[in-house]
Amino acid sequence: MSAEDLAFFERTAPGRVFSGETISADYDHDEMTEYGHFMPEAVIQAQTAQEICEVLAYCNAHAIPVTPRGAGTGLCGGCVTLHGGVVLSTERMKRVLEVDTQNMTATLEPGVLLMEFPKALEGTGLFYPPDPGEKTATMGGNAMTNAGGMRAVRYGVTRDYVLGMEVALADGRLITLGGKNVKTSSGYSLIDLMVGSEGTLGVLTKLTVKLIPEPKVNLSVLIPFDDLQACIEAVPQVLALGCEPTAVEFMEREVITCAETYLGKKFPETTADAYLLVRLDGASRKALEPSMDALTELALRLGARDVLLADTDERKESIWNARGAFLEAIKGSTTTMDECDVVVPRDRIAEFVRESVAIGREAGVRVCSFGHAGDGNLHIYACRDELSEEAWKQGVTQFMERLYAAARGMGGEVSGEHGIGHAKKAFLAESVGETQLELMRGIKAVFDPNGILNPGKVV
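About the thresholds
- Residues numbered from 1 in each chain as written.
- Predicted model: local features only at pLDDT ≥ 70, side-chain atom pairs only at ≥ 80, totals over all residues.
- Heavy atoms only, no water.
- Helix = DSSP H or I, 4+ residues; strand = E, 2+ residues; numbered from the N terminus.
- Expected span 1.5 Å × (residues − 1).
- Buried < 20%, exposed > 50% of the residue type's maximum accessible area, 1.4 Å probe, protein only.
- Arc of directions from axis to C-beta.
- Phe/Tyr/Trp six-rings, centres within 6.5 Å; stacked < 30°, edge-to-face > 60°.
- Lys NZ or Arg CZ within 6 Å of the ring centre and 35° of its normal.
- Pairing = 2+ DSSP bridges.
- Axes fitted to C-alpha atoms, helices over the stretch in contact; angles between N-to-C directions.
- Contact = heavy atoms within 4.5 Å.
- Patch = residues over 30% accessible without salt bridge, like charges linked within 9 Å, V, L, I, M, F, W, Y side chains within 5 Å.
- Areas by Shrake-Rupley, 256 points an atom, 1.4 Å probe, with all protein chains shown as cover.
- Salt bridge = Lys/Arg side-chain N within 4 Å of Asp/Glu carboxyl O.
- Core = buried A, V, L, I, M, F, W, Y, C linked by side-chain atoms within 4.5 Å.
- Disulfide = S-S within 2.5 Å.
- Parallel < 35°, antiparallel > 145°, perpendicular 65-115°, else oblique.
- Left-handed = near helix turned anticlockwise from the far one by under 90°.
- Nonpolar A, V, L, I, M, F, W, Y, C, P; charged D, E, K, R; others polar.

Asker: Please explain helix α11 (residues 313–324) as it appears in this structure.
Answerer: Working note: α-helix, 3.6 residues per turn, so residues spaced by three or four point in the same direction. For α11, built from twelve residues, the straight-helix expectation of 16 Å at 1.5 Å per residue is met to within 8% by its first-to-last C-alpha distance of 16 Å. Buried within α11 we find Lys316, Ile319, Trp320, Ala322 and Arg323. Around the axis of α11, the buried residues are gathered within 155 degrees of arc, so they sit on the same side. Away from its buried face by more than 90 degrees, α11 exposes Asp313 and Glu314.

Asker: Hey, could you run me through the packing of aromatic side chains in this one?
Answerer: Each aromatic ring pair is summarised here by two numbers: the centre-to-centre distance and the angle between the ring planes. All chains considered together, the criterion is met by ten aromatic pairs. Seen in terms of ring centroids, Phe127 and Tyr155 are 5.7 Å apart; in terms of plane orientation they differ by 75 degrees. Their pairing is edge-to-face. Of this pair, Phe127 sits in strand β7 (residues 126–127) while Tyr155 sits in helix α5 (residues 152–155), and the two are 28 residues apart along the sequence. Here a set of aromatic residues connected by ring pairs shows up, and it is made of Phe8, Phe9 and Tyr58. Just above the ring of Tyr161 sits the side chain of Lys210; from NZ or CZ to the centre is 4.9 Å.

Asker: It is not clear to me how the sheet that holds strand β16 (residues 337–340) should be interpreted in this structure. Could you clarify?
Answerer: The pairing of strands in a sheet happens through backbone hydrogen bonds and is either parallel or antiparallel. In spatial order, the strands read β15-β12-β14-β13-β17-β18-β16; together these seven strands make up an open sheet with antiparallel pairing. With one partner strand each, in any of the chains shown, β15 (308–310) and β16 form the two edges of the open sheet. Each strand of the sheet is rotated relative to its neighbour by a mean of 20 degrees, with strand direction disregarded. As judged from the four bridges shared by β16 and strand β18 (residues 377–383), these two strands associate in the antiparallel manner. Of the residues in β18, the one forming a bridge with Cys340 is Ile380. Along the sheet, helix α14 (residues 389–409) makes contact with β16, β17 (366–372) and β18, crossing β16 at roughly 5 degrees.

Asker: It is not clear to me how a nonpolar patch on the surface should be interpreted in this structure. Could you clarify?
Answerer: Together, Tyr188, Leu190, Leu193 and Ile443 give the surface a local cluster of nonpolar side chains, amounting to about 400 Å² of exposed area. Within the secondary structure, Tyr188 is located in the loop between β9 (174–178) and α6 (190–194). With a relative accessible area of 78%, Tyr188 lands in the exposed category.

Asker: Explain the nonpolar core to me, please; I cannot follow it from the model alone.
Answerer: Most often, soluble globular proteins keep nonpolar side chains buried together rather than apart. Judged by nonpolar contacts, the single largest core of 55 residues is most densely connected at Ile223, Leu276, Phe352 and Phe399. The biggest single contributor to this core is α14, with eight residues. Apart from the residues within four sequence positions on either side, Phe352 is in contact with Val342, Val344, Leu378, Ile380, Leu403, Ala406, Ala407 and Met410.

Asker: Looking at this model, I keep getting lost on the state of the cysteines. Mind explaining?
Answerer: What is meant by a disulfide is a covalent connection between two cysteines, made through their sulfur atoms. Applying the stated criterion across every chain yields a total of zero disulfides. Note on Cys53: no disulfide assigned, nearest cysteine sulfur contributed by Cys59 at a separation of 12 Å. We classify Cys53 as buried; its relative accessible area is 9%. Here Cys76 is not cross-linked by a disulfide; its sulfur's nearest cysteine counterpart is in Cys79, at 8.7 Å. Taking relative accessible area as the criterion, Cys76 reaches 4% and is therefore assigned buried.

Asker: Would you explain unusual backbone geometry in this entry?
Answerer: A negative phi angle characterises most non-glycine residues, just as the trans form characterises most peptide bonds. The backbone of Asn146 sits at a positive phi, close to 50 degrees, despite the residue not being glycine. Of note, Asn146 is situated in the loop between α4 (139–145) and α5. For Asn454, which is not a glycine, the phi torsion comes out positive at approximately 45 degrees. Residue classification places Asn454 among the buried residues on the basis of a relative accessible area of 1%.

Asker: Before we go on, may I ask you to explain the packing of helix α13 (residues 349–363) against α14 in this structure?
Answerer: The relative placement of two packed helices comes down to the angle between their axes together with the axis-to-axis distance. α14 packs onto α13 with a crossing angle of 155 degrees between their chain directions and a minimal axis gap of 9 Å. In terms of orientation, α13 lies roughly antiparallel with respect to α14. The crossing of α13 and α14 is right-handed. Residue-level contacts link Phe352, Glu355, Ser356, Ile359, Gly360, Glu362 and Ala363 of α13 to Gly395, Gln398, Phe399, Arg402, Leu403, Ala406 and Ala407 of α14. Grouping the constituent residues of the contact of α13 with α14 by class yields seven nonpolar, four polar and three charged.

Asker: I tried to follow the pairing of strand β6 (residues 105–108) on my own but got confused; where do I start?
Answerer: Consecutive residues of a regular strand have side chains that alternate between opposite faces of the sheet. Because side chains alternate across β6, one face comprises the buried residues Thr105 and Thr107, and the other comprises Ala106 and Leu108, equally buried. Relative to β6, strand β5 (residues 96–100) is paired through four bridges, and the arrangement is antiparallel. Counterpart to Val96 in the pairing with β6 is Leu108. The turn joining β5 and β6, which pair antiparallel and follow one another in sequence, is formed by four residues; a positive phi near 55 degrees is taken by Met104. Looking at chain direction, β6 and strand β10 (residues 203–210) are connected through four bridges and run antiparallel. Considered in β10, the bridge of Ala106 is made with Val209.

Asker: I'm lost on the packing of helix α1 (residues 3–12) against helix α2 (residues 49–62) in this one. Help?
Answerer: Put simply, α1 and α2 touch, their axes get as near as 10 Å, and they point 165 degrees apart. As judged from the angle between their axes, α1 and α2 are roughly antiparallel. Once α1 is placed against α2, the crossing between them reads as right-handed. Mapping the contact onto sequence places Glu4, Asp5, Phe8, Phe9 and Thr12 in α1 and Glu51, Glu54, Val55, Tyr58 and Cys59 in α2. When grouped by side-chain class, the residues that make up the contact of α1 with α2 number five nonpolar, one polar and four charged.

Here you go:
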């Protein structure tokens, strides 16, 4: 990158352009450092849509790669500069522009953190349901990866709540997609193409999301099982019960032990091999009692050791804080790791978990797993521990290839919520086939004919 390029960027975003040794090492990776370190040539911290448009127009004209980035909390190398160039960061764009209680929408900039957004809704009686585990992620990043989370089984994923977007295209033009309308049938749904596109089709500058009335009461139920298979096989029957759970999570004892060590706090119950964690939302405690009774009766009939009710804030926090820390806890328990974020049909969850254990044993790597049992999205982690570099590379490659092949054989997909980035491209190609890849590449070429937007990612 030339001095002339840097001078233009400095004029566009004065005091917010970094190059050379002034670039923080944080910008050369995302949360999954196993996928490599790639230092950009420049980092631009944009504050307005106009700045983003000017940077894109310049980079498009000068063939400079641009990698959009939010908080950098991704898990598949989606926000790293494989081909150098510019990191275009939206981390300073943190304003909630409007909360519209009449239309039940909120409009915000892409850099608003997921954990900060609820503060803007306090006192409105409204609620934003998507609940990805990484609360320091940005709302823009969630939209561009179609993040899911623990409440997806009842409420859906990020895509289900994105009503409108303002997007800067590769050549610097600014377009508005959607708005506050709750439905439309007006041509191709470009907004649905943009959600989950991982910054390969445009750069998000503004987001309008749907809100719903906040549930008055929630209860959490921890259900321990002595056998992992019995635990997982209970999920379809829990979902068919009619109690409309908000979340149905599964976890193994080993992961809970890691979380206890990481947080320095005890989990309420640690003697069983596996657990289901179910959350129920409702208008009142009394309204939830029939569902609680039915869930308790079913769980005990299916072999659960007990049914533990968390109905106070302290009890809920002890369980959900541990669940939210699983990823960091597993990272802290090993030297490095790799992750599989597959989604399979719900009736194949038990089979897939059983298969992952067998594949891990044969590949010689330690496996930790947890996931959103309610929607079939499983997080399977291969841990290096003390393996040599050669043994680790050989083992993890074999493990991942066989695991994704097993998912394909069960009608599953490569990613349930973390995206493709650069780390999962080969598995996506194997999963969707050449015809679908050709269509995706054609879409990419229409939006970004010079290929400057997040090159090397997804397709």
